[in-house]
Amino acid sequence: MEIITSIQEMQKRIQQLKSDGKTIGFVPTMGFLHEGHLTLVEKAREKADLVVMSIFVNPLQFGPNEDFDRYPRDIERDEKLASEANVDLLFYPTVDEMYKSKHTFKVTVQDKVNILCGSKRPGHFDGVATVLIKLFNIVQPTYAFFGMKDAQQVAIVSSLITEFNFPIELVPVETVREVDGLAKSSRNVYLTESERKEAVAISQSLKLAGRLIQGGEENPLEIQKRMETHIMEHTSAEIDYIEIYSFPDLKTVTSISGLVLIAVAIRFTNVRLIDNMTFDV
Ligand code: AMP
């Protein structure tokens, strides 16, 4: 596995690979890799000639009171895992390298953003969009792989690719879970032992929503209420949101029909966790 830290060097390498006619599968991450990330790599392997992974904890997508400084990092471990997963090229730039040029422009996401994580984390998706525009231009992937764990991100990236005419195919990948159902996340390390046990209630509440829908429940408010009760009864966490939208356009639904996204965010002492499921009704 090649490791490249310089943008210029990366662009040179990508140009070579492209002139050899190689297709590129891109997996952008913030590192501290887990099975979720490695599943994206696996999917990329299946579809593309070469897999490029980036590891970059992007300061622009963290708010002033969020966990940028204490976001878990372990590049040595990540290098080993990425190499074992047969990543061909690992792009690992510093913050200075990514943002050294003058900031003449500011990217603003204006649709699909004032809901879910976007409303709780102002500016987050502006930061995500900025870094992805840069990464897409640097890596020039044929395919880009994103986890459905971050469903709002998938919906926004889909619009980004279309509206800015990136010749990239977005490939959404299903959420990878622990045995008990908890969605894998780099932030799970911040759960206390008892919170880790309680955290199963998040996916349980989503499965409960699935059962209600299967049983004919069409009222989103009723589903939200039942999910809220389940989480409140089984965890010490504070609910950030439980929201239901059409997917991928993320519009409010008054009745459950078509493809709907049900998404949850809750806060434990030191960590905020998100999860979601989509249901096709
Ligand atoms: P992150 O490093 O958290 O920014 O995640 C990098 C990519 O991995 C994003 O596309 C995430 O949606 C995806 N991802 C994170 N956790 C999971 C998971 N449990 N299952 C599938 N994809 C995931």
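Only a predicted model underlies this, so the values are computations on that prediction, with no experimental measurement involved.

### Details of the domain arrangement of the protein chain
Accessible area lost when the parts come together is the quantity often used to give the size of an interface.
Moving on, step 1. The domain architecture assigned to the protein chain consists of domain 1 (2-173) and domain 2 (186-274).
Moving on, step 2. Computed from C-alpha atoms alone, the centre-to-centre distance between domain 1 and domain 2 is 26 Å.
Moving on, step 3. On the domain 2 side, the residues contacting the 23 residues of domain 1 number 18 residues.
Moving on, step 4. Contact between domain 1 and domain 2 buries roughly 1,800 Å² in total, counting both sides, with carbon and sulfur atoms accounting for 59%.
Moving on, step 5. In terms of surface lost to domain 2, no three residues of domain 1 exceed Arg70, Leu116 and Lys120, which account for 31% of the buried area on that side.
Moving on, step 6. At the boundary of domain 1 with domain 2, the tally comes to 2 salt bridges.

### Comments concerning the pairing of strand β8 (residues 259-267)
Moving on, step 1. Taking burial as the measure, the 9 residues of β8 include 7 buried ones, the bulk of the element.
Moving on, step 2. With 8 bridges joining them, strand β7 (residues 238-246) and β8 adopt antiparallel strand pairing. Each residue of the ladder has a partner; that of tyrosine 245, found in β8, is leucine 261.
Moving on, step 3. Bridging between β8 and strand β9 (residues 272-280) involves 9 bridges; their strand directions are antiparallel. Note on β9: the bridge partner recorded for alanine 263 is asparagine 276.

Basis of the calculations
Residues numbered from 1 in each chain as written. Predicted model: local features only at pLDDT ≥ 70, side-chain atom pairs only at ≥ 80, totals over all residues. Heavy atoms only, no water. Domains from an automatic or database assignment. Contact = heavy atoms within 4.5 Å. Buried area = accessible area lost by both parts, 1.4 Å probe. Salt bridge = Lys/Arg side-chain N within 4 Å of Asp/Glu carboxyl O. Buried < 20%, exposed > 50% of the residue type's maximum accessible area, 1.4 Å probe, protein only. Helix = DSSP H or I, 4+ residues; strand = E, 2+ residues; numbered from the N terminus. Pairing = 2+ DSSP bridges.

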